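Structural features, examined
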Amino acid sequence: METRQRILAAALRLFAERGFYGASMDQIARELDLTKQALIHHFGTKEKLYGAVLVAISERLMTEAIQPTEVESASAFADAVSRIYLRTLQHREDTLLLMRELLDNRRRAAQAGTWYLKPFLDGLADLLRRDPNWQEEDEASIFTHVYQVLGAINYFAVSTATLENMYSVEHVEDMQECFPERLRKLAMGGVDT
């Protein structure tokens, strides 16, 4: 793995674990057995490194979840949601970082010049707009539905360890079996017909 990719992977792990404010360039460098100057050489600042991590997550989401060849259909959004759920299970650190970004981002949001996940969110909204059942809905309803579905995925994904301790591993395994079908129904629903 090339140095840039190694740095991004380590930064993702630490940002997901500690958040933007809890992870330092020194910690990331130490994890890689590099100097802080090496990180600065590759990314310049912690903010730029964090942005590069968010860009990588957004690109993965776009290529793995949103298929540009999907035709206008009532299931394109639900199909994408199913792929996002499977992807979330495989890339929990991405999910943890995105959840932290939503929680920790208030200060940076006021000054943000780039919204790294906007293309992904816009892509999901576009899939929903193509669904004949959603074509009459306004933008607020479309984006609300996108957020509700993503919220269900992310909340479930980040809480499984807690649920296993609260209930049992078997209980959570049953939930994990049931979740994709319930999620698909949620993704397909939501429109007053």
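Going by the annotation in an unreviewed UniProt entry, the name recorded for the chain is TetR/AcrR family transcriptional regulator, with Spongiibacter thalassae given as the source organism.

With that settled, consider the overall build of the chain. Within the chain one finds 10 helices and zero strands. Listing the helices and strands of the chain from first to last along the sequence gives α-α-α-α-α-α-α-α-α-α. Projected onto its principal axes, the C-alpha positions of the chain cover 60 × 40 × 30 Å. With 193 residues in all, the chain has 38% of them scored as buried. Carbon and sulfur atoms make up 52% of the accessible area of the chain, which totals about 11000 Å². Between the averaged position of the 22 positive side-chain charges in the chain and that of its 29 negative side-chain charges there is a distance of 8 Å.

Turning our attention to the UniProt feature "DNA-binding region" (unreviewed entry) in the chain. Those places that UniProt annotates as "DNA-binding region" (unreviewed entry) correspond, in this numbering, to residues 24-43. For the annotated span residues 24-43, helix accounts for 80% and strand for 0% of the residues, and the straight-line distance between the end C-alpha atoms is 13 Å.

On to the nonpolar core. Judged by nonpolar contacts, the single largest core of 52 residues is most densely connected at Phe15, Ile28, Leu49, Phe77, Leu97, Phe120 and Leu124. A per-element tally of this core places helix 1 (residues 3-22) first, with nine residues. If we ignore the near neighbours within four places in the chain, the residues touching Phe120 are Ser58, Leu61, Met62, Ala65, Ile66, Ile84 and Leu150.

Quick look at the pattern of salt bridges now. Oppositely charged side chains may form a pair once their charged atoms are brought near each other. Counted by the stated rule, this structure contains 11 salt bridges. Salt-bridge contacts for Arg13 lead to Glu31; the nearest nitrogen and oxygen are separated by 2.6 Å. Placement of Arg13 in helix 1 and of Glu31 in helix 2 (residues 25-32) is noted, with a sequence separation of 18 residues between them. Of the charged contacts in the structure, one is a salt bridge between Asp79 and Arg184, with a shortest N-O distance of 2.7 Å.

Moving on, we come to the side chain of Ser58. Assignment of secondary structure puts Ser58 in helix 4 (residues 46-65). Discounting chain neighbours no more than four positions away, the residues touching Ser58 are Tyr116, Leu117 and Phe120.

Contact geometry of helix 9 (residues 139-166) with helix 10 (residues 169-188) gives a least axis separation of 11 Å together with a crossing angle of 175°. One way to sum up the angle between helix 9 and helix 10 is to call them roughly antiparallel. Of the residues in helix 10, those touching helix 9 at His145, Gln148, Val149, Ala152, Ile153, Phe156, Thr160, Leu163 and Glu164 are Val169, Val172, Met175, Gln176, Phe179, Leu183, Leu186 and Ala187. Residue composition of the contact of helix 9 with helix 10, grouped by class: 12 nonpolar, four polar and one charged.

Cut-offs applied
- Residues numbered from 1 in each chain as written.
- Predicted model: local features only at pLDDT ≥ 70, side-chain atom pairs only at ≥ 80, totals over all residues.
- Heavy atoms only, no water.
- Helix = DSSP H or I, 4+ residues; strand = E, 2+ residues; numbered from the N terminus.
- Buried < 20%, exposed > 50% of the residue type's maximum accessible area, 1.4 Å probe, protein only.
- Areas by Shrake-Rupley, 256 points an atom, 1.4 Å probe, with all protein chains shown as cover.
- Lys, Arg positive; Asp, Glu negative; His and termini not counted.
- Charge placed at Lys NZ, Arg CZ, Asp CG, Glu CD.
- UniProt positions renumbered as here; feature names shortened; annotations may be inferred.
- Core = buried A, V, L, I, M, F, W, Y, C linked by side-chain atoms within 4.5 Å.
- Contact = heavy atoms within 4.5 Å.
- Salt bridge = Lys/Arg side-chain N within 4 Å of Asp/Glu carboxyl O.
- Axes fitted to C-alpha atoms, helices over the stretch in contact; angles between N-to-C directions.
- Parallel < 35°, antiparallel > 145°, perpendicular 65-115°, else oblique.
- Nonpolar A, V, L, I, M, F, W, Y, C, P; charged D, E, K, R; others polar.

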